[in-house]
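# Coordinate inspection notes
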Amino acid sequence: MNKVLDEYHKLLSEVDHWFSLCIARSGEHIRCAEGCSECCRGLFDITLLDALLLKDGFGRLEAATREKVLIKCRERLAGLQRLWPEFTHPYILNYRPEEEWELLMPDDDETPCPLLGADGRCLVYGFRPMTCRLHGLPLVDLTGEVLHDEWCTLNYVGGDPLADAGLRGEFTKIFREEVRLFRHFSERLLGQEFRELDTFIPTALLIDFTRFDWHRFAAGFSVTP
């Protein structure tokens, strides 16, 4: 499993490199900077591989810090279970269609991520999920294909980032590699390959990766691998 995490770290470093190049090329168009946490609010889905990565970083924090974060996570979970009573460990979303996830992810949710520190910085910045590293800019492949057409409203004020060829990246390649790694990861963890299994950041930190019977879970899971 460590080998998979190492490969995933390398892939995430490619995303970080792309984002850094975008900032360097954009001048004042991109306002993303250390300490800005406008995007770190509400809920968004992350993969189970991202969840394992988060747990790795989370485990390196001091015990007192971890407990403060876990209190927020448990409170968040209680609210989610009022809407989805069946949302129990290991907190996988894929039991239900993606369109139903919106019930748990309202657009007006401004709840801060439990991993935000008092200074607005991520407590596990080097271990944050793929989506956190991509957020804030549209995703346009080198071919010109638009894979995601939204961006932070603080960026490109009065401008159109979709027209900025300097923001393009190898996203088709990156996402294919992400799927390949996830398939390998899921085969190691669950005994069979899955293309995708998702959770949330607060619930990711509550998952017991080491003691849970993942093979038994996979055997009874209704989503086709």
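Residues numbered from 1 in each chain as written. Predicted model: local features only at pLDDT ≥ 70, side-chain atom pairs only at ≥ 80, totals over all residues. Heavy atoms only, no water.

Our next topic: helix α1 (residues 2-26). Counted at 1.5 Å a residue, the expected span for α1 with its 25 residues is 36 Å, and the 36 Å between its end C-alpha atoms agrees. Taken as a whole, α1 has its buried residues at Val4, Leu5, Tyr8, Leu11, Leu12, Val15, Trp18, Phe19, Cys22 and Ser26. Residues of α1 that are buried in the fold lie against α2 (48-58), α5 (130-134), β2 (139-140) and α6 (171-190). Positive phi appears at Gly27, one or two residues downstream of α1, with a value of about 70°. (Helix = DSSP H or I, 4+ residues; strand = E, 2+ residues; numbered from the N terminus. Expected span 1.5 Å × (residues − 1). Buried < 20%, exposed > 50% of the residue type's maximum accessible area, 1.4 Å probe, protein only. Contact = heavy atoms within 4.5 Å.)

All right, on to the packing of aromatic side chains then. Enumeration over the complete set of coordinates arrives at 12 aromatic pairs. Linked through ring pairs, Tyr95, Phe209, Phe212, Trp214 and Phe217 together constitute an aromatic cluster. A cation sits over an aromatic face here: Arg128 above Tyr125, 3.7 Å from the ring centre. (Phe/Tyr/Trp six-rings, centres within 6.5 Å; stacked < 30°, edge-to-face > 60°. Lys NZ or Arg CZ within 6 Å of the ring centre and 35° of its normal.)

A separate point is unusual backbone geometry. Of the consecutive residues His89 and Pro90, the connecting peptide bond is found in the cis state with omega at 15°. Mapped onto the fold, Pro90 is located in the loop between α3 (63-83) and α4 (98-101). For Tyr91, which is not a glycine, the phi torsion comes out positive at approximately 60°. Looking at where Tyr91 falls in the secondary structure, it is placed in the loop between α3 and α4.

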